Amino acid sequence: MTNSALTTLTSSDGSAIAVETTGTGAPVILIGGAFNDRSTVAALASILAPRLTAVTYDRRGRGGSTDFSGDYAVEREIDDLATVIEHVGGAASVFGHSSGAALALEGVLRGLPIDKVAVYEMPAVVDGNRPEPPADVFDRLVAHIAAGDRDAAAELFLTEQVGVPAPMVAGMRNSPAWEFLRAQAHSLPYDVAVCGSRLRLQTDRYSTINIPALVVNGDQTWPWIQTGAQALAAAIPTARREVLSGEDHDILNKPARLEPLLTEFFS
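Residues numbered from 1 in each chain as written. Predicted model: local features only at pLDDT ≥ 70, side-chain atom pairs only at ≥ 80, totals over all residues. Heavy atoms only, no water.

Draft legend 1. Focus on the overall build of the protein. Helix and strand counts for the protein stand at 11 helices and 8 strands. When the backbone C-alpha atoms are referred to their principal axes, the protein occupies close to 45 × 40 × 35 Å. Partitioning the intrachain contacts of the protein with sequence separation of at least 6 by distance along the chain shows that 74% fall at a separation of at least 24. For the protein, the computed accessible surface area is about 10900 Å², with 53% contributed by carbon and sulfur atoms. (Helix = DSSP H or I, 4+ residues; strand = E, 2+ residues; numbered from the N terminus. Contact = heavy atoms within 4.5 Å. Areas by Shrake-Rupley, 256 points an atom, 1.4 Å probe, with all protein chains shown as cover.)

Encoded structure:
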């Protein structure tokens with residue numbers, strides 16, 4: 001059994017960031033995507049912990065973390081990640097899922113002390129693989145949140161940013177899972193901000209990454225995610241790409257499928 005330690009750090013703007021560490025070995029920070037708090041990566045942390053120190057944290061405004069600034073700037077999340085890295089020894093490897101993958105790569109691009117980076121299914125529009133989200137999604141999300149309408153924010157993000165068909169989202173609104181999604185909806189502008197303008201793949205920026213990188217996707221996920229992963233791996237000179245047979249975007253609920261890849265890559 002591995003020991004787990006929960007602490008609260010203070011980011012540069014005074015926001016509280018809840019961080020949990022489990023296991024021993026080299027530190028690996030696990031970053032969830034939209035609608036995620038640290039509970040969604042807890043199973044992955046547990047399965048990695050025998051050989052690595054798995055570090056999970058609530059991105060600002062979620063779970064046990066606060067958001068002092070509320071300006072939805074990418075810089076705030078970069079500062080938070082830097083604070084977590086400093087807490088675990090001043091350097092770490094990072095894994096990100098979905099928009100958490102975009103945040104992990106942004107940390108690398110902005111010079112944080114990241115040794116290795118692995119990403120799973122970062123959303124990216126490339127070569128017309130899907131329509132770009134409308135340019136005003138960010139502003140409309142912020143307006144919904146300012147009005148206190150988290151349901152509208154969650155629905156907007158799912159339908160127009162992610163591309164989930166409206167009837168499917170309507171079904172989600174009637175499911176028990178909706179309350180969890182709704183609870184995180186006020187943080188969604190951060191996910192839009194970190195993924196960049198209209199989800200366009202930032203090929204020129206990613207071509208400057210020179211640390212070991214692992215780009216992973218499932219072969220049962222949306223086709224646009226698969227072509228995006230292929231283009232991302234091609235853009236990063238140091239990247240290795242892996243495709244998991246039979247898997248889709250819901251990989252965090254099947255951590256055993258990621259464990260061999262991540263343990264080998266980060267060890």
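From this point, the discussion proceeds with the structure in view.
Draft legend 2. Expanded view of the pairing of strand 3 (residues 27-31). Of all 5 residues in strand 3, 5 are buried, a share of seventy percent or more. Of the two faces of strand 3, both are covered, the one formed by Pro27, Ile29 and Ile31 as well as the one formed by Val28 and Leu30. In terms of strand pairing, strand 3 meets strand 4 (residues 53-57) through 4 bridges, oriented parallel. For Val28, the partnering residue across the bridge sits in strand 4 and is Ala54. With helix 1 (residues 42-48) bridging strand 3 and its parallel neighbour strand 4, the resulting β-α-β unit is right-handed. Note: strand 3 against strand 5 (residues 92-97), 4 bridges, orientation parallel. (Buried < 20%, exposed > 50% of the residue type's maximum accessible area, 1.4 Å probe, protein only. Pairing = 2+ DSSP bridges. Right-handed = clockwise from strand over helix to strand, strands pointing away.)

Draft legend 3. Up close: empty space enclosed by the protein. What the rule picks out here adds up to 1 cavity of 30 Å³ or more. Considered as a void within the structure, the largest cavity measures approximately 40 Å³ in volume. Lining the largest cavity are Ala102, Met122, Pro123, Val194, Cys195, Leu199, Arg200, Leu201, Gln202 and Tyr206. Here the lining of the largest cavity is composed, by residue class, of 8 nonpolar, 1 polar and 1 charged. (1 Å grid on protein atoms, 1.4 Å probe; cavity = no way out; pocket = protein on both sides within 12 Å on 5 of 7 lines; lining within 4 Å. Points joined across faces, edges and corners; volume = space filled by probe spheres on them. Nonpolar A, V, L, I, M, F, W, Y, C, P; charged D, E, K, R; others polar.)

Draft legend 4. Seen up close, the sheet that holds strand 2 (residues 16-22). Sheet architecture is open: 8 strands sit in the order 1-2-4-3-5-6-7-8, paired in mixed fashion. The two strands at the open ends of the sheet, each matched to only one other strand, are strand 1 (4-10) and strand 8 (239-244). Between one strand axis and the next, the sheet turns by 20° as a mean value, whatever way the strands run. Sheet strands touched by helix 2 (residues 74-87): strand 1, strand 2, strand 3, strand 4, strand 5 and strand 6 (114-120). Its angle to strand 1, the strand with the most contacts, is close to 130°. (Axes fitted to C-alpha atoms, helices over the stretch in contact; angles between N-to-C directions.)

Draft legend 5. Just the packing of helix 3 (residues 99-109) against helix 8 (residues 188-195), in detail. The interhelical angle for the contact between helix 3 and helix 8, taken along N-to-C directions, is 55°, at an axis separation of 9 Å. Classed by the angle they form, the pair helix 3 and helix 8 counts as oblique. Crossing handedness for the pair helix 3 and helix 8: left-handed. Residues Ser99, Ala102, Leu103 and Glu106 of helix 3 form the contact with helix 8, whose own contacting residues are Asp191, Val194 and Cys195. Considering only residue class, the contact of helix 3 with helix 8 consists of 4 nonpolar, 1 polar and 2 charged. (Parallel < 35°, antiparallel > 145°, perpendicular 65-115°, else oblique. Left-handed = near helix turned anticlockwise from the far one by under 90°.)

Draft legend 6. Representation of the pairing of strand 7 (residues 213-218). In terms of residue burial, strand 7 counts as a mostly covered element, since 6 of its 6 residues are buried. Bridge count for strand 7 against strand 8 is 6 bridges, and the pairing is parallel. Following the sheet pairing, Gly218 is matched in strand 8 by Leu244.

Draft legend 7. Expanded view of the pattern of salt bridges. Throughout the structure, instances matching the rule amount to 25 salt bridges. Where Glu242 meets Arg240, a salt bridge forms, and the shortest distance between an N and an O atom there is 3.0 Å. Looking at Glu242, the relative accessible area reads 26%, which means it is partly exposed. Under the relative-accessibility criterion, Arg240 is labelled partly exposed at 31%. (Salt bridge = Lys/Arg side-chain N within 4 Å of Asp/Glu carboxyl O.)

Draft legend 8. A look at unusual backbone geometry. Backbone geometry at Tyr72 places phi at a positive 60°, although glycine is not the residue there. Phi at Arg198 is positive, roughly 55°, even though this residue is not glycine. Tracing the backbone through its elements, the reader meets Arg198 in the loop between helix 8 and helix 9 (203-206).

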